[in-house]
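Here are the chains, one letter per residue:
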Amino acid sequence: INLLPAREARRRVEIRRQLQVAVLVVGVAIGGGAWGYMAQNSNLEAHQQELAGIQAEVKRLETVIKEVQRFETRQTLLHKKVGAIEDIKTKQRRPARVLADISRSLPAQIWLVSIKETGSGIQIRGKSFDNVGIAAFMENLERSSSFGGVELIESRSELLQGRQVVAFTVLARR
């Protein structure tokens, strides 16, 4: 008996099955690869859209941040201006109050020649008909709220329009 054709037929069937399995495996591999590619591509597109949305949001927020920084700069400038105005108001009130205190402290027999602000206080030069007027002026200055201590720097007699007067210099400390 010749078994060659039967072996040949079995071999062909076996090769055909192996070929079918190989084609099926390759088809599944190609299908799986295509499915994986499409899934990744879809995922990539979703991430790209998300990234584009985030970038648009970042650009929008950058303009908002610039506007906030501009407002903060303006606010800082306005605070500085308000501080300067408050400082000016304070400084304007102080000289008026000091001059008012000096004016209230003046006895009738004294007149002032100059008032000068120095680093240690206010230097007041004036003239009086006697030393009693100078002493009263110094006591009145010490009692005022603007000055802490008053010191006689200089006192000298001089002739003014034929009359004897006392020229003085007083330092009123704050």
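Everything below is about the structure shown above.
The numbers attached to residues start from 1 for each chain and follow its sequence in the written order. For this predicted model, a pLDDT threshold of at least 70 governs which residues receive local features, and a threshold of 80 or more governs which side-chain atom pairs are given and counted, while totals over whole chains, interfaces and linings are taken from all residues. Only hydrogens and water are removed before side-chain values are computed, so all heavy atoms of the structure are retained for them.

## Side note on the overall build of the chain
So, point 1. Within the chain one finds two helices and four strands.
So, point 2. Runs of H or I in DSSP of at least four residues are treated as helices and runs of E of at least two as strands, each being numbered from the N terminus. Counting from the amino terminus, helix and strand elements in the chain follow one another as α-β-β-α-β-β.
So, point 3. Note on method: radius of gyration uses C-alpha positions; expected globular size equals 2.2 Å times residues raised to 0.38. Computed over the C-alpha atoms, the radius of gyration of the chain is 52 Å, more than 25% above the 16 Å expected from 2.2 N^0.38 for a compact globule of 174 residues.
So, point 4. Projected onto its principal axes, the C-alpha coordinates of the chain cover approximately 170 × 25 × 25 Å.
So, point 5. Within the chain, the fraction of its 174 residues that count as buried is 18%.
So, point 6. Long-range contacts, defined here as pairs at least 24 residues apart, represent 53% of the contacts in the chain between residues at least 6 apart.
So, point 7. Distance between charge centres in the chain, computed from 27 positive and 18 negative side chains, equals 8 Å. Classification of residues uses two cut-offs on accessible area relative to the type maximum, computed with a 1.4 Å probe and protein chains only: under 20% is buried, over 50% is exposed, and between them is partly exposed. Two residues form a contact once any of their heavy atoms are found within 4.5 Å. Two residue types count as positive, namely Lys and Arg, and two as negative, namely Asp and Glu; His and chain ends fall outside the count. By convention, charge coordinates are those of NZ in Lys, CZ in Arg, CG in Asp, or CD in Glu.

## A look at the side chain of S144
So, point 1. If you trace the backbone, S144 turns up in the loop between α2 (131-143) and β3 (149-160).
So, point 2. Looking at S144, the relative accessible area reads 13%, which means it is buried.
So, point 3. Only 2.7 Å separates the side chain of S144 from the backbone oxygen of L141, close enough to count as a polar contact. Whenever two N or O atoms come within 3.5 Å, that pair is a polar contact, provided that in protein one can donate a hydrogen and the other can accept it, and provided that, for residues adjacent in sequence, both atoms are side-chain atoms.

## Thoughts on the pattern of salt bridges
So, point 1. Any carboxyl oxygen of Asp or Glu within 4 Å of a side-chain nitrogen of Lys or Arg constitutes a salt bridge here. Using the criterion set out here, one finds eight salt bridges in the structure.
So, point 2. We note a salt bridge from K127 to E158, for which the minimum N-O separation is 2.4 Å. Linking K127 in strand β2 (residues 122-128) with E158 in strand β3, this pair joins segments that are 31 residues apart in sequence. For the pair formed by K127 and E158, the shared burial category is buried.

## Here's the deal with the sheet that holds β3
So, point 1. Read from one edge of the open sheet, four strands run β1-β2-β4-β3, paired in antiparallel fashion. Two strands close off the open sheet at either side, each with one partner strand: β1 (110-117) and β3. Recorded for the sheet is a direction-independent mean angle of 15 degrees between the axes of neighbouring strands.
So, point 2. Pairing analysis gives seven bridges linking β2 to strand β4 (residues 163-173), with the strands arranged antiparallel. Following the sheet pairing, R125 is matched in β4 by T169.
So, point 3. Inter-axis angles, ranging from 0 to 180 degrees, are taken between N-to-C directions of lines fitted to C-alpha atoms, where helices are fitted over the stretch in contact. Sheet contacts for α2: β1, β2, β3 and β4; angle to β3, the most-contacted strand, approximately 155 degrees. Two strands pair if DSSP finds at least two bridges between them.

## A word on a nonpolar patch on the surface
So, point 1. Patch definition: residues with relative accessible area over 30% and no salt bridge; like charges joined within 9 Å; nonpolar side chains (Val, Leu, Ile, Met, Phe, Trp, Tyr) joined within 5 Å. Using a 1.4 Å probe, accessible areas were evaluated by the Shrake-Rupley method; residue-level cover was limited to the displayed protein chains. The grouping of L61, V64, I65 and V68 at the surface amounts to a nonpolar patch, some 290 Å² of accessible area in total.
So, point 2. Mapped onto the secondary structure, L61 falls in helix α1 (residues 4-105).

## A word on the nonpolar core
So, point 1. Side-chain atoms within 4.5 Å link the members of a nonpolar core, which is a set of buried Ala, Val, Leu, Ile, Met, Phe, Trp, Tyr and Cys residues. In this structure, I102, F137, L141 and F147 are the most contacted members of the largest nonpolar core, which totals 15 residues.
So, point 2. Contributions of two or more residues to this core are made by α1, β2, α2 and β4.
So, point 3. Here L141 is in contact with I102, S105, I124, F147, V150 and V170, once residues within four sequence places are set aside.

## Structural notes on the environment of L24
So, point 1. Structurally, L24 can be placed in helix α1.
So, point 2. For the pair formed by L24 and H47, sequence separation is 23 residues and the distance between their alpha carbons is 34 Å.

## What to know about the pairing of β2
So, point 1. For β2, the buried fraction is high: six of the seven residues fall into the buried class.
So, point 2. With seven bridges joining them, β1 and β2 adopt antiparallel strand pairing. Within β2, the residue paired with E117 across the bridge is I122.
So, point 3. Two successive antiparallel strands, β1 and β2, enclose a turn made up of four residues.

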